[in-house]
Amino acid sequence: MKHPVRFVFVSIVLFVGLAVLPGISFACGIEGTATRTDGSKVDGTVRVSTSWNSNTAYPRDGYYNLELGDGACGKSVEVFVNGNSIGRRSIPNNGNARVDITMKGSSDTPVR
């Protein structure tokens, strides 16, 4: 064998890579924009939640991202805005479902 050190290094890298691979999980959730009917962006005044778990998100500068965890991948969840249901959404097997929210004027009520 010409390069035993290189062989050992490559073997270690492959072993560590294969050992870590099964532990990789894909987080799933919902994300989107949050605007008002007048076109302004929601900034921290709206709470987004789901029926999946107790995680919540508060849109900042018109955008939110609510991570639900890898158990939510491929499932269907009900989405709530300030406690009001805006319907069920299917979560993809990997990544986030897009759920854009529109609030009625300056109120706390979502447009459905």
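Going by the structure above, here's the rest.
Note that residues are indexed from 1 along each chain, following the sequence as it is written. Side-chain atom pairs in this predicted model are given and counted only at pLDDT of 80 or more, local residue features only at pLDDT of at least 70, and totals for whole chains, interfaces and linings cover all residues. Side-chain measures here rest on the full set of heavy atoms in the structure, leaving out hydrogens and waters.

J.: Before we go on, may I ask you to explain the nonpolar core in this structure?
T.: Nonpolar side chains in soluble globular proteins generally cluster together in the buried interior. Counting 21 residues, the largest nonpolar core has Ile30, Val48, Tyr64, Leu66, Val79, Ile91 and Ile101 as its most contacted members. Of all the elements in the fold, those that place two or more residues in this core are strand S1 (28-36), strand S4 (63-69), strand S5 (76-81) and strand S8 (101-103). Apart from residues no more than four positions distant in its own chain, Ile91 is found in contact with Cys28, Gly29, Ile30, Leu68, Ala72, Cys73, Gly74, Lys75, Val77 and Ala97. Here, the term nonpolar core denotes a set of buried Ala, Val, Leu, Ile, Met, Phe, Trp, Tyr and Cys residues that are joined through side-chain atoms within 4.5 Å. Burial classification: accessible surface area is computed with a 1.4 Å probe over protein chains only, and a residue below 20% of its type maximum counts as buried, one above 50% as exposed, and the rest as partly exposed. We count a stretch as a helix when DSSP gives it H or I for four or more residues in a row; a strand needs E for two or more, and each element gets its number in order from the N terminus. By definition in these notes, contact holds between two residues if any of their heavy atoms fall within 4.5 Å.

J.: Is there a simple way to explain the sheet that holds strand S3 (residues 56-57) in this structure?
T.: Strand-to-strand pairing in sheets goes through backbone hydrogen bonds, with the strands running parallel or antiparallel. We call two strands paired when DSSP finds no fewer than two bridges between them. Spatially, four strands are ordered S3-S2-S5-S6 in an open sheet, and the strand pairing comes out antiparallel. Taken across any chain shown, the strands that pair with only one partner, and hence form the sheet edges, are S3 and strand S6 (84-90). Pairing analysis gives two bridges linking strand S2 (residues 48-50) to S3, with the strands arranged antiparallel. Across the sheet, the residue bridging to Ser49 is Thr56, located in S3.

J.: So what exactly am I meant to see when it comes to the pattern of salt bridges here?
T.: It is possible for side chains bearing opposite charge to pair when their charged atoms get close. Just to be clear on terms, a salt bridge is a Lys or Arg side-chain nitrogen sitting within 4 Å of an Asp or Glu carboxyl oxygen. With the rule as written, the count across this model stands at one salt bridge. Residue Asp100 pairs with Arg98 through a salt bridge whose shortest N-O separation is 3.0 Å.

J.: For this particular structure, what's the right way to read unusual backbone geometry?
T.: Residues apart from glycine generally show negative phi values, whereas peptide bonds are mostly found in trans. A positive phi is found at Asp61, a non-glycine position, where the angle reads about 50°. Among the secondary structure elements, Asp61 is positioned in the loop between S3 and S4. Using a relative accessible area of 55% as the deciding quantity, one classes Asp61 as exposed.

J.: Looking at this structure, how should I read the pairing of S5?
T.: A regular strand carries its side chains on alternate faces of the sheet. The side-chain alternation of S5 yields one buried face, formed by Val77, Val79 and Val81, and one unburied face, formed by Ser76, Glu78 and Phe80. Of the pairings in the sheet, the one linking S2 to S5 comprises three bridges and is antiparallel in character. Considered in S5, the bridge of Thr50 is made with Val79. Counted between consecutive antiparallel strands, the loop separating S5 from S6 contains two residues, among which Asn82 sits at a positive phi close to 50°.

J.: Just to check I follow, could you spell out the state of the cysteines for this structure?
T.: By definition, a disulfide links two cysteine residues through a covalent bond between their sulfur atoms. A pair of cysteine sulfur atoms is labelled a disulfide when the two atoms are within 2.5 Å. Scanning all chains against the criterion turns up one disulfide. Cys28 shares a disulfide with Cys73; S-S distance 2.0 Å. Negative torsions about the S-S bond denote left-handed disulfides, and the value of about 100° found for Cys28 with Cys73 makes this one right-handed. One end of the pair, Cys28, is in strand S1; the other, Cys73, is in the loop between S4 and S5, and 45 residues separate them in sequence.

J.: Even after reading the chapter, I still don't get the side chain of Arg36, so can you show me in this structure?
T.: Checked against the element boundaries, Arg36 lands in strand S1. Here Arg36 occupies a buried position and makes no salt bridge, while the nearest side chain of opposite charge, Asp108, is found at 5.1 Å. Residues in contact with Arg36, not counting those within four places in the same chain, are Val42, Thr45, Val46, Thr102, Met103, Gly105, Ser106 and Ser107. In this count, Lys and Arg are taken as positive residues and Asp and Glu as negative ones, while His and the chain termini are left out.

J.: So what exactly am I meant to see when it comes to the environment of Gly69 here?
T.: One can find Gly69 in strand S4. In contact with Gly69, not counting residues within four places along its chain, are Ala27 and Cys28.

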